[in-house]
Amino acid sequence: MQARAELLLEIADDELILGWRDSEWTGVAPLLEEDVAFSSIAQNEIGHARALYELAARDLGTSADELAFDRRPEEYRCSELVDRRLPEWERTIARHVLYERADAERLERLKASEDDEVAGLAAKIDREEAYHRLHAEMWHERLKEEPRYRAALEELRPLVDRRDGHSPDLTALWEEMTSVRRSQPAGTTW
Amino acid sequence: MTTIWEVFRQERRGQPFQHAGSVQAPDERFAEAYAREQYGRRGESQALWVVPRDSILRIEEFVDELNRNYHRVDGYPLKEKLKEARERAGTSRAAAGDR
């Protein structure tokens, strides 16, 4: 596979899976306002995934939907940080903070890319991520003295750059995420 | 401890800010994030004012013991007076329509 498509898929998978994980808080976040804000962040991440998949799909002669939903779970290139199901708010926020910080560095590198399409898309995504960072850092400020939050940061930090495998959580998510698409009768179109 | 923040929204540059609703948030940073998400992310606002509800001076009793209705526009039943004036001038609605 071409290097550019590989890189785009890695980021797109991160954003898609994180968007899905964040959306698991819709309707059950600790405050109504936070529910709206966090669901909106989840939706943005999936929007970023779509744009990245579209670019990768052009290179690979396929479609964004096929890349997002028709691969096997082991083919996803996302980091282990995003594949975990984290039903505790302090762990979710710890992941959010770790992800946004790592993503900010990645976007800075991509914005400096000589590939105009990649640099342009990174700049667009970064403008929305700026609000995600604001959101992540305000929660970090609020929770940083809490032992449970600090423990979650330590627990999850080593997962940020781990991309050589997945937790069983990803398979469960994949089953759910692709079930509607896999249920489509052969020879039909949606 | 959370506070209610009232949010005012300006739709276009130069237009007056109008009350949009409120958000509940523990401090200014959370209030900004929540107000942005709820009143700004669809491009529906040019700018927002976010004000703690307690900072708003609320006034709601307007005493008028002596019924000084001449201070109010409804002190003058303009409709009747206009009708009389039109009749005097011979330019009542019906007459104007005939022309």
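On a predicted model such as this, the values are computed, not experimentally measured, just so you know. (Residues numbered from 1 in each chain as written. Chains lettered and ligands numbered in written order. Predicted model: local features only at pLDDT ≥ 70, side-chain atom pairs only at ≥ 80, totals over all residues.)

1. Regarding the pairing of strand β1 (residues 3-10) of chain B
Residue and element names in this part refer to chain B.
Item 1. Note that β1 and strand β2 (residues 18-25) share 7 bridges and pair antiparallel. Note on β2: the bridge partner recorded for E6 is S22.
Item 2. Strand direction decides the pairing type here: β1 and strand β3 (residues 47-52), joined by 6 bridges, are antiparallel. Paired with W5 across the bridge in β3 is P52. (Pairing = 2+ DSSP bridges. Helix = DSSP H or I, 4+ residues; strand = E, 2+ residues; numbered from the N terminus.)

2. Here's the deal with the nonpolar core
Item 1. Formed by 38 residues in total, the largest nonpolar core has its most connected members in A:L8, A:A12, A:I17, A:L52, A:Y53, A:A56 and A:A94.
Item 2. Among the elements of the structure, α1 (3-23), α2 (32-60), α3 (64-69), α4 (80-83), α5 (89-111), α6 (116-143), α7 (147-156) and α8 (168-182) of chain A are those that each provide at least two residues to this core.
Item 3. Top element by residues in this core is α1(A). It accounts for 8 residues.
Item 4. If we ignore the near neighbours within four places in the chain, the residues touching A:L8 are A:L52, A:L55 and A:A56.
Item 5. Counting 14 residues, the second largest nonpolar core, distinct from the first, contains A:F38, B:V23, B:A31 and B:A33. (Core = buried A, V, L, I, M, F, W, Y, C linked by C-beta atoms within 7 Å. Buried ≥ 20, exposed ≤ 12 C-beta atoms within 10 Å, placed from the backbone. Contact = placed C-beta atoms within 7 Å.)

3. Side note on α8(A)
Residues and elements named next belong to chain A.
Item 1. Taking 1.5 Å of rise per residue, the 15 residues of α8 would be expected to cover 21 Å, and the 20 Å separating its terminal C-alpha atoms lies within 8% of that figure.
Item 2. E176 marks where α8 bends most, by close to 30°.
Item 3. Those residues of α8 hidden inside the fold are in contact with α1 and α4. (Expected span 1.5 Å × (residues − 1). Bend = angle between axes of the 7 residues up to and from the residue.)

4. A word on the sheet that holds β3(B)
Pairing between the strands of a sheet is mediated by backbone hydrogen bonds and can be parallel or antiparallel.
All names here are of chain B.
Item 1. One open sheet holds the 3 strands; their spatial order is β2-β1-β3, and the pairing between them is antiparallel. Lying at the two open borders of the sheet, with one neighbouring strand each, are β2 and β3. For this sheet the average axis-to-axis angle between neighbouring strands, irrespective of direction, equals 30°.
Item 2. Across the face of the sheet, helix α1 (residues 28-39) comes into contact with β1, β2 and β3 while running at roughly 130° to β2. (Axes fitted to C-alpha atoms, helices over the stretch in contact; angles between N-to-C directions.)

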